[in-house]
Amino acid sequence: MKGKLIYFIGDLLILLMQKKAKKLAKTGMTITDRNKITLIELFMRKSLLKKVEDKSDYNTLSEFHKAYWKNKGDDFFTATDDSFEKNFLPECSFMFDLLKNKLSIEEENFNTLVEIGTGNGKVLNYLSEQFPQIDRFVGIDLSENQIIRNKKHTARTKDLSLLPTMLLIG
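Figured I'd write up the structure that's included with this text. Worth saying up front: this structure is predicted, and the values here are computed from it rather than measured.

What about the side chain of Ser47?
Then step 1. If you trace the backbone, Ser47 turns up in helix 3 (residues 39-54).
Then step 2. You can call Ser47 buried: its relative accessible area is 1%.

Quick look at unusual backbone geometry
For residues that are not glycine, phi is negative in most cases, and the peptide bond is trans in most cases.
Then step 1. Non-glycine residue Ser56 carries a positive phi angle of around 55 degrees.
Then step 2. Its place among the elements puts Ser56 in the loop between helix 3 and helix 4 (58-79).

Here's the deal with helix 5 (residues 83-105)
Then step 1. The terminal C-alpha atoms of helix 5 lie 31 Å apart, and with 23 residues this matches the ideal 33 Å at 1.5 Å per residue to within 8%.
Then step 2. Helix geometry: helix 5 is bent most strongly at Leu89, by close to 60 degrees, with proline Pro90 lying one to four residues after it.
Then step 3. All of the buried residues along helix 5 are Phe84, Cys92, Phe96 and Leu103.
Then step 4. The elements touched by buried residues of helix 5 are helix 6 (122-130).

Some points on a nonpolar patch on the surface
Then step 1. Together, Leu5, Phe8, Leu12, Leu15 and Leu16 make up an exposed nonpolar region whose accessible area comes to about 550 Å².
Then step 2. You can see Leu16 is positioned in helix 1 (residues 2-16).

Considerations on the pattern of salt bridges
Then step 1. Taken as a whole and judged by the stated rule, the model has 8 salt bridges.
Then step 2. The partner of Lys51 in a salt bridge is Asp11, and the shortest N-O contact between them spans 3.3 Å. A residue pair is termed long-range when its members are at least 10 positions apart, and Lys51 in helix 3 and Asp11 in helix 1 qualify at 40 residues.
Then step 3. What makes Lys51 partly exposed here is its relative accessible area of 37%.

Comments concerning the packing of aromatic side chains
Each aromatic ring pair is characterised by the separation of its centres together with the angle its planes make.
Then step 1. A full pass over the atoms with the stated rule returns 6 aromatic pairs.
Then step 2. Judged by centre distance (5.8 Å) and plane angle (25 degrees), the ring pair of Phe84 and Phe88 falls under stacked. With a gap of 4 residues between them, Phe84 and Phe88 both fall in helix 5, about one helical turn apart.
Then step 3. Residue class for Phe88 comes out partly exposed when judged on its relative accessible area of 27%.
Then step 4. Each residue in the set Phe84, Phe88, Phe96 and Tyr126 is aromatic and connected to the rest through ring pairs, giving one cluster.
Then step 5. Above the face of the Tyr7 ring, Lys50 is positioned so that its terminal group lies 5.6 Å from the ring centre.

Remarks on the packing of helix 5 against helix 6
Then step 1. Two elements in contact, helix 5 and helix 6, have axes separated by 12 Å at closest approach and are oriented at 40 degrees. Here helix 5 is positioned oblique relative to helix 6, judged by the angle of their axes. Relative to helix 6, the crossing made by helix 5 is right-handed. Contacts from Phe84, Glu85, Phe88, Leu89, Phe96, Leu99 and Lys100 in helix 5 reach Lys122, Val123, Tyr126, Leu127 and Gln130 in helix 6.

A look at the side chain of Ser128
Then step 1. Mapped onto the elements of the fold, Ser128 is located in helix 6.
Then step 2. Exposure remark for Ser128: the relative accessible area of 15% places this residue in the buried category.
Then step 3. A polar side-chain atom of Ser128 sits 2.6 Å from the main-chain carbonyl oxygen of Asn125.

Parameters and conventions
The residue numbering used here restarts from 1 in each chain and proceeds along that chain's sequence as written. The model is predicted, so local features are restricted to residues of pLDDT at least 70 and side-chain atom pairs to those at 80 or more, both for listing and for counting; the totals for chains, interfaces and linings are taken over all residues. Here the side-chain values reflect all heavy atoms present in the structure, with hydrogen atoms and water set aside. Counting from the N terminus, the helices are the DSSP runs of H or I reaching at least four residues and the strands are the DSSP runs of E reaching at least two. Think of it in three bands: residues with accessible area under 20% of the maximum for their type are buried, residues over 50% are exposed, and the middle band is partly exposed, with areas taken using a 1.4 Å probe on protein chains only. Take the number of residues in a helix, subtract one, and multiply by 1.5 Å to get its expected span. Bend, at a single residue, is the angle you get between axes fitted to the 7 residues ending at that residue and the 7 residues starting at it. The contact rule is simple, with two residues in contact once any of their heavy atoms fall within 4.5 Å. Patch membership requires over 30% relative accessible area and the absence of a salt bridge. Like charges are linked within 9 Å, and nonpolar side chains (Val, Leu, Ile, Met, Phe, Trp, Tyr) within 5 Å. In short, Shrake-Rupley with a 1.4 Å probe defines the accessible areas, and a residue's cover is counted only from the protein chains shown. We define a salt bridge as a contact between a side-chain nitrogen of Lys or Arg and a carboxyl oxygen of Asp or Glu at a distance within 4 Å. Working definition: rings of Phe, Tyr and Trp (its six-membered ring) pair if their centres are within 6.5 Å, and the pair is stacked with planes under 30 degrees apart, edge-to-face with planes over 60 apart, and tilted otherwise. Counting as a charge over the ring demands two things of the Lys NZ or Arg CZ atom: a distance within 6 Å of the ring centre and an angle within 35 degrees of the ring normal. Only the stretch in contact is used when fitting a helix axis, every axis being a line fitted to C-alpha atoms; angles between N-to-C directions are given from 0 to 180 degrees. Each angle is binned into one of four classes, with values under 35 degrees roughly parallel, values over 145 roughly antiparallel, values of 65 to 115 roughly perpendicular, and all other values oblique. In this scheme the crossing of two helices becomes right-handed for a clockwise turn of the near helix relative to the far one and left-handed for an anticlockwise turn of less than a right angle. Counting of polar contacts relies on pairs of N or O atoms within 3.5 Å, with two restrictions inside protein: one atom must be capable of donating a hydrogen and the other of accepting it, and residues adjacent in sequence are counted only when both atoms are side-chain atoms.

Nothing here speaks to function; it is geometry throughout.
The following block contains the structure:
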């Protein structure tokens, strides 16, 4: 019942505030920081996302996602700059151990590792340090600004490539 009420209010707000809804969709709304979004925007966001999900409209959902990373990605990466060290590494280091183990028992040698959604590049950089047997590391991300920033920080790592996704999907 609560969910239906939220979507009803969101639909009503979209109808009454069409310009605001278009701006919200255009500037990105996939991830939200509840401290930086108004209640009106929250209702509209939920309704817009529900509509495209119900229609299985993955193209529109993809556009919402691209708009978010293009317009708000810098803010996200600034706010989460230390999350690799504080959260990801302590909680997810077992994945690196599993990967090390898997690579050690494989008969085939792998020469390239690709990370899609490389963000601030810290995971990819860490992987390049942990897996010296892999020749090339490629990071792909939607945020061109983040890719540019990452290239500056990884300039000394010769086998680390960072690519904006528009080169791949363009």
